[in-house]
Amino acid sequence: MTKDETAIVQGGGKSQAIRRQIEEIKDEISRAGADPDARQIALRRLANLCGGTATIRVGSAEKKLHAERALLAARTAVEGGVVPGGGIALFNTIAALNELDTDGEDEALGVTMVREALQAPLRTIVGNAGQDVEAVKAAIAGPSRPKRGLLGALFGTRPSKHLGYDVLTGQSVDVVRVGIIDPAQVVRSALENAASAAITILGQLHT
Amino acid sequence: MTTHSEDARRRLLNGMDSLARAVATTLGPKPGSVALDRQ
């Protein structure tokens, strides 16, 4: 409860009565017509009654920031899908660089730089948890790909496509299954912005 | 203040590195904290 608001937790009420109230508010909205304020308030009451909204009350200012960011991430994810999180998605794209034809030493150096950069998020996250990156890399690349015959390939359990590492539990897991995911748009624009900044800086080198 | 060529590049790199180090500390599920001092 605050000076402007009272929250009723687990309110009751007969569904018929609630429906009647909903109709009443719909009436009010059509009567409100041009007044945008009244309309807004009525719409909000309607949404609250229809159960289409959730209100999350968060304890501290710091936690509130986290909650707001989480909400933003969830919205972005709904819009553009998700990729394996914790730096795994970027790390997995490195394989694609190996198929690149480079023209001369300079281009090869550029590819090497991008390859290093794509490992940086994973390395940083694992490093912050006080764990060894090389061990994690081995765990990701390693044991779950046994050689299989044709029948095995057709009917055997497929190795996880999203093999990664949970730094909280210290285990290699299917990151998508345990919910370690990032919005695809966020990961993509992070890479795009990093490349753009790098190009700007490197462009200053020989003027 | 004006700086040129090698000196300018070195200063630019210094700034990028210290920013990157500060941000890197905060990444992941077990992050460290960074305190900012406004001058």
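Turning our eyes to something else, we now look at the pattern of salt bridges. Residues and elements named next belong to chain B. Evaluated as defined, the whole model comprises six salt bridges over all chains. In this structure, Asp-7 engages Arg-11 in a salt bridge whose closest nitrogen and oxygen atoms are separated by 3.1 Å. Here Arg-11 and Asp-7 lie together in helix α1 (residues 5–25), a separation of four residues that amounts to about one turn. The class for Asp-7 is partly exposed, based on a relative accessible area of 25%. The exposure class assigned to Arg-11 is partly exposed, which follows from its relative accessible area of 42%. One connected set of salt bridges, linked through shared partners, spans Asp-7, Arg-10 and Arg-11.

Bringing the packing of helix α3 (residues 61–80) of chain A against helix α9 (residues 184–202) of chain A into the picture now. Residue and element names in this part refer to chain A. At a minimum axis separation of 7 Å, α3 and α9 run at an interaxial angle of 95°. Between α3 and α9, the angle falls in the class roughly perpendicular. Contacts between α3 and α9 involve Thr-76, Glu-79 and Gly-80 from the first element and Ala-184, Gln-185 and Val-186 from the second. Considered class by class, the residues forming the contact of α3 with α9 number two nonpolar, three polar and one charged.

Right, let's talk about helix α7 (residues 133–141) of chain A for a bit. Residue and element names in this part refer to chain A. All of the buried residues in α7 are Val-133, Val-136, Lys-137, Ala-139 and Ile-140. Burial along α7 is one-sided: seen end-on, the buried residues are contained in an arc of 160°. Opposite the packed face of α7, turned more than 90 degrees from it, sit the exposed residues Glu-134 and Ala-141. In this structure, the buried residues of α7 make contact with α4 (88–92), α6 (104–128), β2 (163–166) and β3 (171–174).

Quick look at the pairing of β2 of chain A now. Taking every second residue as pointing to the same face, both faces of β2 of chain A are buried, with Leu-163 and Tyr-165 of chain A on one and Gly-164 and Asp-166 of chain A on the other. If you look at the hairpin formed by β2 of chain A and β3 of chain A, you'll find four residues sitting between the two strands, and Gly-170 of chain A has a positive phi there, around 75°.

Here we take up the pairing of β3 of chain A. Both β2 of chain A and β3 of chain A contribute to a ladder of four bridges, which runs antiparallel. By the bridge assignment, Leu-163 of chain A is partnered in β3 of chain A with Asp-174 of chain A.

Residue and element names in this part refer to chain A. In terms of nonpolar packing, the biggest core is built from 19 residues, with Ile-88, Leu-118, Leu-122, Val-126, Val-136, Ile-140 and Val-167 touching the most fellow members. Mapped onto this core, the elements with two or more residues apiece are α4, α5 (94–98), α6 and α7. Looking at this core, the element that brings in the most residues is α6, giving five residues. Once residues lying within four places of it in the same chain are set aside, the contact partners of Ile-140 are Ile-88, Leu-122, Leu-163 and Gly-164.

Calculation notes
Sequence order sets the numbering: in each chain, residues are counted from 1 along the sequence as written. Note on labels: chains are lettered from A, ligands numbered from 1, in written order. Per-residue local features are limited, in this predicted model, to residues with pLDDT of at least 70; the limit for side-chain atom pairs, both in listing and counting, is 80 or more; totals at the level of whole chains, interfaces and linings are taken over all residues. Excluded from the side-chain calculations are hydrogens and water; all other atoms, namely the structure's heavy atoms, are used. Each reported salt bridge corresponds to a side-chain nitrogen of Lys or Arg within 4 Å of a carboxyl oxygen of Asp or Glu. Per the convention used, a helix needs a DSSP run of H or I reaching at least four residues, while a strand needs a run of E reaching at least two, with both numbered from the N terminus. Each residue gets one of three labels from its accessible area relative to the maximum for its type: buried under 20%, exposed over 50%, partly exposed in between, using a 1.4 Å probe on protein chains only. Lines are fitted to the C-alpha atoms to define the axes, a helix being fitted only along its stretch in contact, and any angle between axes, read from their N-to-C directions, falls within 0 to 180 degrees. Any angle that is under 35 degrees is reported as roughly parallel, and any over 145 degrees as roughly antiparallel; angles of 65 to 115 degrees are reported as roughly perpendicular and all others as oblique. Whether two residues are in contact is decided by their heavy atoms: any pair within 4.5 Å suffices. Residue classes follow a fixed rule: Ala, Val, Leu, Ile, Met, Phe, Trp, Tyr, Cys and Pro count as nonpolar, while Asp, Glu, Lys and Arg count as charged, and any other residue, Gly among them, counts as polar. To be clear, the arc concerns the directions from the helix axis to the C-beta atoms. Note on pairing: two strands pair once DSSP finds at least 2 bridges between them. Definition of nonpolar core: a set of buried residues of the types Ala, Val, Leu, Ile, Met, Phe, Trp, Tyr and Cys, connected through side-chain atoms within 4.5 Å.

Scope: geometric values only; no functional claims are made or implied.
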